[in-house]
Amino acid sequence: MAKAPRLHLPAIEASLRAVQQDFEHINRRLETRRDPLSDAVIAHMMAGYRQVDQLLAERVDPFQLGNSKALLELNFLVICGTDRMLRHECAAALAATEERFYAKRDGGFESLVEYLALLEGETVWRRAAAAYIHVLSEPQLYVEGNHRTGALIMSWMLAREGKPPFVLSVDNAKAYFDPSSVTKETRKHSLRMLLTRRKLMKRFAQLLKDGAQKTHLLR
């Protein structure tokens with residue numbers, strides 16, 4: 001059996017820190033301004049990337065029957081991190097997120113799995129882009145943290161097939177944030193989404209290809 005791909009976590013954190021340092025300049029160029037990356041946000045994202053790395057090492061597919069809790073945990077990590085006290089304080093919010101996640105609705109986990117099943121045969125770049133669009137568009141998969149958790153989901157999908165994970169960088173920040181803002185404001189089954197989905201998928205897939213950094217993946 002081939003060795004499982006692993007993430008280069010120090011290189012990933014270095015990229016996030018570079019964005020943090022240059023965020024004022026990045027924000028001025030965005031169509032919709034974003035909150036800066038705080039130390040807490042980066043720490044929580046790194047906890048998420050470590051979880052992605054663990055899923056890769058253990059060859060766990062979070063989309064398979066019985067493994068969906070792994071996708072919930074990614075969201076819990078980006079919202080609350082690993083601190084037990086903070087998890088306790090977030091208990092009500094996490095319970096609401098879990099209820100939303102498993103609800104039989106257009107934005108739930110089941111609809112995400114069904115949607116991705118329709119894309120079998122597409123490139124991993126397009127499937128990862130499609131997953132992100134589905135997570136982020138209304139109704140969103142999670143109560144909070146859909147951008148960040150969506151980035152982690154894309155990272156797992158890409159790395160599982162030997163491609164570098166998606167990592168925010170100074171170079172790709174605008175190409176990531178601007179279409180994300182459009183996606184977030186669009187409902188899944190609206191006329192607007194019908195007209196823009198293919199364009200958004202192509203745009204995000206190209207972003208994932210162009211922004212792929214081999215240094216973020218250990219072979």
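Above this text sits the structure in question.
A few points on the structure.

Moving on, we get to the side chain of His134. Checked against the element boundaries, His134 lands in helix 8 (residues 124–136). When its relative accessible area of 7% is taken as the criterion, His134 is described as buried. For His134, the residues in contact, after removing those within four places along its chain, are Asp106, Ser111, Leu112, Tyr115 and Lys188.

Now for the nonpolar core. Ranked by size, the top nonpolar core spans 66 residues in total, and within it Leu7, Tyr49, Phe63 and Ile153 carry the most contacts. Of all the elements, helix 8 adds the most residues to this core, at 10 residues.

Our focus in this paragraph is helix 1 (residues 9–21). Taking 1.5 Å per residue as the helical rise, helix 1 with its 13 residues ought to reach 18 Å, and the 18 Å between its terminal C-alpha atoms agrees with that figure. When we look at burial in helix 1, the residues that qualify are Leu9, Ala11, Ile12, Ser15, Leu16, Val19 and Gln20. For helix 1, the elements touching its buried residues are strand 1 (6–7), helix 2 (23–29) and helix 3 (39–57).

Scanning all chains against the criterion turns up 9 aromatic pairs. Here the aromatic rings of Phe101 and Phe109 are separated by 5.2 Å at their centres, their planes lie at 20 degrees, and the arrangement is stacked. With respect to class, Phe101 is no different from Phe109; both count as buried. Ring centres 5.1 Å apart and planes at 70 degrees place the aromatic pair Tyr132 and Phe204 in the edge-to-face group. In this pair, Tyr132 sits in helix 8 while Phe204 sits in helix 11 (residues 191–210), placing the two residues 72 residues apart along the sequence. You'll find Tyr132 and Phe204 in the same group, each marked buried.

What counts and how
- Residues numbered from 1 in each chain as written.
- Predicted model: local features only at pLDDT ≥ 70, side-chain atom pairs only at ≥ 80, totals over all residues.
- Heavy atoms only, no water.
- Helix = DSSP H or I, 4+ residues; strand = E, 2+ residues; numbered from the N terminus.
- Buried < 20%, exposed > 50% of the residue type's maximum accessible area, 1.4 Å probe, protein only.
- Contact = heavy atoms within 4.5 Å.
- Core = buried A, V, L, I, M, F, W, Y, C linked by side-chain atoms within 4.5 Å.
- Expected span 1.5 Å × (residues − 1).
- Phe/Tyr/Trp six-rings, centres within 6.5 Å; stacked < 30°, edge-to-face > 60°.

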